[in-house]
There are 2 protein chains.
Amino acid sequence: SRHYEGTKMLGMCRTSFLFSVYLIIYVMFLFSGAAVFSVLETPPERATKARVDGAIQKFLNDNPSVSDQALEELISEIVKASNRGVSAARNASGEPNWSFGQSLFFSSTVVTTIGYGHVTPLSRSGKIFCMLYAMVGIPLTLVLLSALVERLLIPTVWLLQWLNSRLGHLYQPFNIRLLHLFIIVLILIGLFLLTPAAVFATLEPEWDYLDSLYYCFISLTTIGLGDYIPGDSANQPYRPLYKIATTGYLFLGITFMMLTLAVFYDIPQLNLGLLFSSSDETNM
Amino acid sequence: SRHYEGTKMLGMCRTSFLFSVYLIIYVMFLFSGAAVFSVLETPPERATKARVDGAIQKFLNDNPSVSDQALEELISEIVKASNRGVSAARNASGEPNWSFGQSLFFSSTVVTTIGYGHVTPLSRSGKIFCMLYAMVGIPLTLVLLSALVERLLIPTVWLLQWLNSRLGHLYQPFNIRLLHLFIIVLILIGLFLLTPAAVFATLEPEWDYLDSLYYCFISLTTIGLGDYIPGDSANQPYRPLYKIATTGYLFLGITFMMLTLAVFYDIPQLNLGLLFSSSDETNM
Ligand SMILES: [K+]
Ligand SMILES: [K+]
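No experiment lies behind these values; they were computed from the predicted model shown.

Break down the interface of chain A and chain B for me, with residues and values.
Each partner contributes residues to the interface: chain A has 127 residues there, and chain B has 128 residues. Both faces combined, the contact of chain A with chain B buries some 11600 Å², and carbon together with sulfur accounts for 70% of it. Where chain A meets chain B, there are six salt bridges. The residue Arg124(A) makes a salt bridge to Asp208(B) at a minimum N-O spacing of 2.7 Å. For the pair chain A and chain B, the interface holds 32 residue pairs in polar contact (both at pLDDT 80 or more).

Put into structure tokens, the structure is as follows:
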């Protein structure tokens, strides 16, 4: 028993050591990401700042009667409205932010935790309702998506069994599982990233292919930066239909993303987390 | 065997029926959310729009020499810059968006999938790097947070065992589990929502308590709308330290949120998803 205790202590030390190493690598990963973003993005930020400052200066030069302070006050109002999701420009989409269709899109992005934030609740009651809605909606969505993933797992398992029956005598089970994961990832990329990106690049007047791919990726990972939103261009025909189709795409895409993750985590050799687990301690 | 097949078919019909009902309720949930948001948010949106339109009209009246078109062009530039995360106002925070500290905050919000989007990559290379960074960073973060949750589960299980030993002879196991979940939820709300909200409300000059609570809630659920960002007010002293402390809070808070969900899903009676599961089909 003392020997067992000793082995256990050693095991705990080992997982704690591995975990500390992982933590250090992780912090380094965050710092190096910050360095790269800072280097890549400082020049375009400066260019944008210079451009808008230049436009303001040119306006002041062209209109010498305008006082510096009056313009500054106006700019402050415009920026404040813009931060609250209201565009002061006349060529904006024309559709109100909180029409029924836009509100439906907002609700969907809250419960999926995408949260683009291109429009956000402004009233106190809107913020309170948003919290309550997310509190109920996120678990409901998780249940829905998990049920969908479970249904999709049936054909996914069939595929694995078929691969095993065809290739089982030639390759190791681990290699067949890798091939299986690779096929699922290919379907994810082809059907839920590259194809929709092509559709968005066609439909959105100002998006190139990279913008569209970036939108799809940032949405399906539920990061949802909100710098690109489909269907918000001025004079977009069929806007409501477009928004509903986009919502459907997002739900399906997130489901398939979850399916891919489930297949990935089901291959123990790829699951880094098992390195730090002391599962006999934590079973309830 | 035919009897077994029959029972199984009936079971599948039942889960499919329940799933369809769930789907209908879910769609109704989305629609009613949309209706409420639309009703609550249309008036403040109109007020904001009226306010900024009024400011523009007043400016044009005060400066009759300014041409409508010249001002419209300026406004368009200002709104465009604002949408790219660059404020044209002179009283903006003064800190560049992509300083090292701000970039670190951005990296953290990408890998946790919060994705506030108050600043976003503008360059093509920045967008490509953002996708690659998320592709590696999100799984790494999931592994880290899961390992932390597993460590936190140890004292959590102790608490449950202690409750069982004290109350086991008085109450049903299910009721003790509910009490246990209730205690964990209380800790989550007290330590990771109400207390940090009080801190933010004190530190941020323009946030009231509801704003702060809304920020904490929207962040820990990883929705991350990005309408409130701590440490971005003008002349914020100790900005880097403040941002780092906020990042630490977000990681810990999301971890505790995941712990609470783990405790919740471990109570089978509360796990709606089991209604639709046909688990014998889907084990790999
Ligand atoms: K977001
Ligand atoms: K998000």
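Okay, back to it.
Break down the relation of the copies chain A and chain B for me, citing the residues and quoting the values.
One copy of the chain maps onto the second through a rotation around an axis plus a translation along that axis. Each copy superposes on the other: chain A lies on chain B with an RMSD of 0.0 Å after a rotation of 180° and an axial shift of 0.0 Å. What we have between these two chains is a two-fold relation.

Tell me about unusual backbone geometry, residues and numbers included.
Even without glycine at this site, Thr222(A) takes up a positive phi of about 60°. As for its placement among the helices and strands, Thr222(A) is situated in the loop between α6 (209-220) and α7 (239-265). The buried category is assigned to Thr222(A), whose relative accessible area is 13%. For Thr113(B), which is not glycine, the phi dihedral falls at a positive 60°. By the element assignment, Thr113(B) lies in the loop between α3 (100-111) and α4 (124-167). The class for Thr113(B) is buried, based on a relative accessible area of 11%.

Explain the state of the cysteines residue by residue, including any values.
A complete count under the given rule lists zero disulfides over all chains for this structure. Left unpaired, Cys216(A) is separated from the closest cysteine sulfur, that of Cys130(B), by 14 Å. With a relative accessible area of 0%, Cys216(A) lands in the buried category. Residue Cys130(B) is classed as buried on the basis of its relative accessible area of 0%.

I'd like a description of the coordination of the potassium ion (ligand 1), backed by residues and values.
Angles at a metal have ideal values that depend on geometry: 109.5 degrees with four tetrahedral donors, 90 or 180 degrees with six octahedral donors. With distances of 2.7 to 2.8 Å, the protein atoms coordinating the potassium ion (ligand 1) are Ile114(A) (O), Gly115(A) (O), Ile223(A) (O), Gly224(A) (O), Ile114(B) (O), Gly115(B) (O), Ile223(B) (O) and Gly224(B) (O). Look at Ile223(A) and you get buried, because its relative accessible area is 0%.

Tell me what's going on with the environment of Ala35(B), and back it up with residues and numbers.
Within the secondary structure layout, Ala35(B) lies in helix α1 (residues 2-62). When the C-alpha positions of Ala35(B) and Ile24(B) are compared, they lie 17 Å apart, and in sequence the two are eleven residues distant.

Let's hear about the packing of helix α5 (residues 173-203) of chain B against helix α6 (residues 209-220) of chain B: which residues, and what values?
Residues and elements named next belong to chain B. For the pair α5 and α6, interaxial distance at closest approach is 8 Å and the crossing angle is 130°. Of the possible angle classes, the one that applies to α5 and α6 is oblique. Crossing angle aside, the handedness with which α5 passes α6 is right-handed. On α6, the residues touching Phe192, Leu193, Leu194, Pro196, Ala197, Ala198, Phe200 and Ala201 of α5 are Tyr209, Ser212, Leu213, Tyr215, Cys216, Phe217 and Leu220. Split into classes, the residues belonging to the contact of α5 with α6 amount to 14 nonpolar, one polar and no charged.

So what's going on with the confidence of the model for chain A? Which residues, and what values?
Mean pLDDT over chain A works out to 88, with 92% of the residues at or above the 70 mark. Note that pLDDT drops below 50 for residues 280-284 of chain A; the model gives that stretch 15 contacts with residues more than four away or on any other chain.

Just give me the short version of the environment of Asp208(A), but keep the residues and values in it.
The residue Asp208(A) is located in the loop between α5 (173-203) and α6 in this model. For Asp208(A), a relative accessible area of 31% corresponds to the partly exposed category. C-alpha separation for the pair Asp208(A) and Trp162(A), spaced 46 residues apart in sequence, amounts to 39 Å. In this view, Asp208(A) contacts Ala201(A) and Arg124(B); residues no more than four positions away in its chain are not counted.

Cut-offs applied
- Residues numbered from 1 in each chain as written.
- Chains lettered and ligands numbered in written order.
- Predicted model: local features only at pLDDT ≥ 70, side-chain atom pairs only at ≥ 80, totals over all residues.
- Heavy atoms only, no water.
- Contact = heavy atoms within 4.5 Å.
- Buried area = accessible area lost by both parts, 1.4 Å probe.
- Salt bridge = Lys/Arg side-chain N within 4 Å of Asp/Glu carboxyl O.
- Polar contact = N/O pair within 3.5 Å; in protein donor to acceptor, adjacent residues only side chain to side chain.
- Least-squares fit on C-alpha atoms with pLDDT ≥ 70 in both.
- Helix = DSSP H or I, 4+ residues; strand = E, 2+ residues; numbered from the N terminus.
- Buried < 20%, exposed > 50% of the residue type's maximum accessible area, 1.4 Å probe, protein only.
- Disulfide = S-S within 2.5 Å.
- Donors = N, O, S within 2.8 Å, 3.2 Å for Na, K, Ca; no water.
- Axes fitted to C-alpha atoms, helices over the stretch in contact; angles between N-to-C directions.
- Parallel < 35°, antiparallel > 145°, perpendicular 65-115°, else oblique.
- Left-handed = near helix turned anticlockwise from the far one by under 90°.
- Nonpolar A, V, L, I, M, F, W, Y, C, P; charged D, E, K, R; others polar.
- pLDDT = per-residue confidence, 0-100.

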